[in-house]
Amino acid sequence: MGAGYDLELINLTKKYGDTLAVDRINYKFKAGSYVCLLGPSGCGKSSTLRMIAGHETLTDGSVVLDGFDVSTLAPAKRGTAMMFQSYALFPHLSVRDNVAFSLRMKGVDKPTRHAKANALLELVDMTSFAERFPEQLSGGQQQRVALARALITEPKVLLLDEPLSALDPFLRIRMRSELKRLQRELGITFIHVTHGQDEALALGDELVVMNNAVIEQAGTARDVWSAPKTEFVARFMGGHNVISLDGGKVALRSDEVRLDKNGLAATVTSVEYQGGHVALTTQTDSGEEVLALVPETDFYASPKNPGDAVNLAWDEGRLHRLLT
Ligand code: ADP
Ligand code: MG
């Protein structure tokens with residue numbers, strides 16, 4: 001394992017009976033980075049995370065953390081910790097005792113584990129709720145407790161499986177910036193599973209896009225979004241048109257399609273005002289749908305309606321040829 005890498009997956013494979021959930025994944029996670037593991041439902045994200053955490057056995061391959069093969073170690077012995085989607089707090093324990101739970105299992109004395117739990121409650125801004133029980137907390141507060149409970153083991157890698165999906169949209173956006181802040185403060189690796197591309201773009205230093213049990217593309221958030229390598233990634237990440245040109249397929253950002261005097265002939269099929277820009281859905285003469293996001297001032301200089309003929313243009317250099 002090269003220097004600077006915390007966690008490495010080698011040929012990681014999971015089969016459930018005949019279902020191949022994870023198919024020989026290889027990946028090195030950079031130490032101290034915020035990584036989003038992204039992909040549609042059923043592509044193998046949770047299975048991958050659970051194998052890293054030790055909550056699922058590996059069918060094949062290995063999980064290597066800081067140079068040690070941890071593939072067969074119990075979850076608590078790996079240096080990883082997992083925050084579950086459901087938070088899984090113990091209803092009969094106070095917030096402080098929930099956070100201190102794993103230390104109690106390790107036989108740490110009460111004053112020590114309470115002091116540590118208090119420090120973590122402080123970190124997640126939950127000090128004043130230490131005596132409460134989980135049912136007396138809102139969803140967002142329960143989540144902070146679950147975070148503190150996972151972090152008390154001082155993991156090298158924190159694994160989060162769709163941690164924001166149970167929150168309402170407003171709270172989701174607030175909590176995601178808190179997760180990012182926590183990760184920066186702690187300097188450990190976060191691996192955050194999500195099926196939402198907005199969430200992944202907002203949080204991830206690095207994105208790992210999965211599809212059908214394999215990694216389809218990985219890289220910085222900006223690279224993955226702006227230079228998708230496959231049709232799947234272009235469509236899944238959004239913001240791109242996939243167009244057939246010269247016998248191949250290309251991706252073209254919707255915000256880089258202009259209406260011009262010359263260009264690909266198309267007919268406007270719908271017009272949607274979206275504030276800063278107007279979304280024009282068009283159909284080319286060969287029957288392909290192309291979305292153009294036109295800045296609102298440009299649009300209103302020459303408004304279009306459904307049925308209007310337009311010409312679509314773009315800079316050649318902005319086309320990304322896709323692998324098939
Ligand atoms: P994701 O988290 O990306 O939605 P999962 O890792 O949960 O995907 O699932 C990947 C595939 O493995 C799916 O086809 C799913 O139905 C299957 N699967 C997941 N967990 C189990 C299980 N415990 N038993 C059988 N099949 C499972
Ligand atoms: Mg899942």
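Here's a quick rundown of the structure. Since the structure is predicted, the reported quantities are computational estimates derived from the model, not experimental observations.

Analysis parameters
- The residue count restarts for each chain, going from 1 along the sequence in the order it is written.
- Lettering for chains starts from A, numbering for ligands starts from 1, and both go in the order in which the items are written.
- Whole-chain, interface and lining totals are the exception, using all residues; otherwise, since this is a predicted model, local features are given only for residues with pLDDT of at least 70 and side-chain atom pairs are given and counted only at 80 or more.
- Working from all heavy atoms in the structure, the side-chain values ignore hydrogens and water.
- Secondary structure elements are taken from DSSP: a helix is a run of H or I of four residues or more, a strand is a run of E of two residues or more, and numbering for both begins at the N terminus.
- Burial status follows relative accessibility: with a 1.4 Å probe on protein chains alone, a residue under 20% of its type maximum counts as buried, one over 50% as exposed, and anything between as partly exposed.
- Should any heavy atoms of two residues lie within 4.5 Å, those residues are considered in contact.
- Using a 1.4 Å probe, the Shrake-Rupley method yields the accessible areas, and only the shown protein chains count as cover for residues.
- In this tally Asp and Glu are treated as negative and Lys and Arg as positive; neither His nor the chain ends contributes.
- Charge coordinates come from a single atom per side chain, which is NZ of Lys, CZ of Arg, CG of Asp or CD of Glu.
- Axis lines are fitted to C-alpha atoms, over the contacting stretch for helices. Their N-to-C directions set the angle, which ranges from 0 to 180 degrees.
- Note on terminology: angles under 35 degrees are roughly parallel, angles over 145 are roughly antiparallel, angles of 65 to 115 are roughly perpendicular, and the others are oblique.
- Rotating anticlockwise by less than a right angle from the far helix to the near helix defines a left-handed crossing, while the corresponding clockwise rotation defines a right-handed one.
- Residues are grouped as follows: Ala, Val, Leu, Ile, Met, Phe, Trp, Tyr, Cys and Pro are nonpolar; Asp, Glu, Lys and Arg are charged; every other residue, Gly included, is polar.
- Criterion used throughout: strands pair if DSSP finds at least two bridges between them.

Turning our attention to the overall build of the protein chain. From N to C terminus, the protein chain includes nine helices and 17 strands. By the burial criterion, 48% of the 324 residues in the protein chain qualify as buried. Counting contacts in the protein chain only where the partners sit at least 6 residues apart, residues at least 24 apart contribute 62% of the total. Carbon and sulfur atoms form 50% of the exposed surface of the protein chain, whose accessible area is close to 15600 Å². With 35 positive and 40 negative side-chain charges, the protein chain shows a separation of 6 Å between the mean positions of the two kinds.

Glancing now at the packing of helix 2 (residues 95-105) against helix 4 (residues 139-151). Contact geometry for helix 2 and helix 4: axes closest at 7 Å, N-to-C directions at 30°. With respect to each other, helix 2 and helix 4 are oriented roughly parallel. Between helix 2 and helix 4 lies a crossing of right-handed hand. Here helix 2 contributes Val95, Asn98 and Val99 to the contact with helix 4, which in turn contributes Val145, Ala148 and Arg149. Partitioning the contact of helix 2 with helix 4 into residue classes produces four nonpolar, one polar and one charged.

What follows covers the sheet that holds strand 13 (residues 258-273). Ordered by their spatial adjacency, four strands build an open sheet running 15-14-13-16, and the pairing between neighbours is antiparallel. Looking at which strands have only one partner, the edges of the open sheet turn out to be strand 15 (289-295) and strand 16 (309-313). The average undirected angle you get between the axes of adjacent strands in this sheet is 50°. In this sheet, strand 15 lies alongside strand 14 (residues 277-284) in antiparallel orientation, the contact comprising seven bridges. Within strand 15, the residue paired with Val278 across the bridge is Val294.

Next up on the list: the sheet that holds strand 2 (residues 19-30). Read across the sheet, four strands follow the order 2-1-4-5 without closing on themselves; strand pairing throughout is antiparallel. For this open sheet the edge positions go to strand 2 and strand 5 (68-69), each flanked by a neighbour on one side alone. Here two bridges tie strand 4 (residues 60-65) to strand 5, and the two strands are oriented antiparallel to one another. The partner of Leu65 across the bridge, within strand 5, is Phe68. Sheet contacts for helix 1 (residues 45-53): strand 1 (5-16), strand 2 and strand 4; angle to strand 1, the most-contacted strand, approximately 120°.

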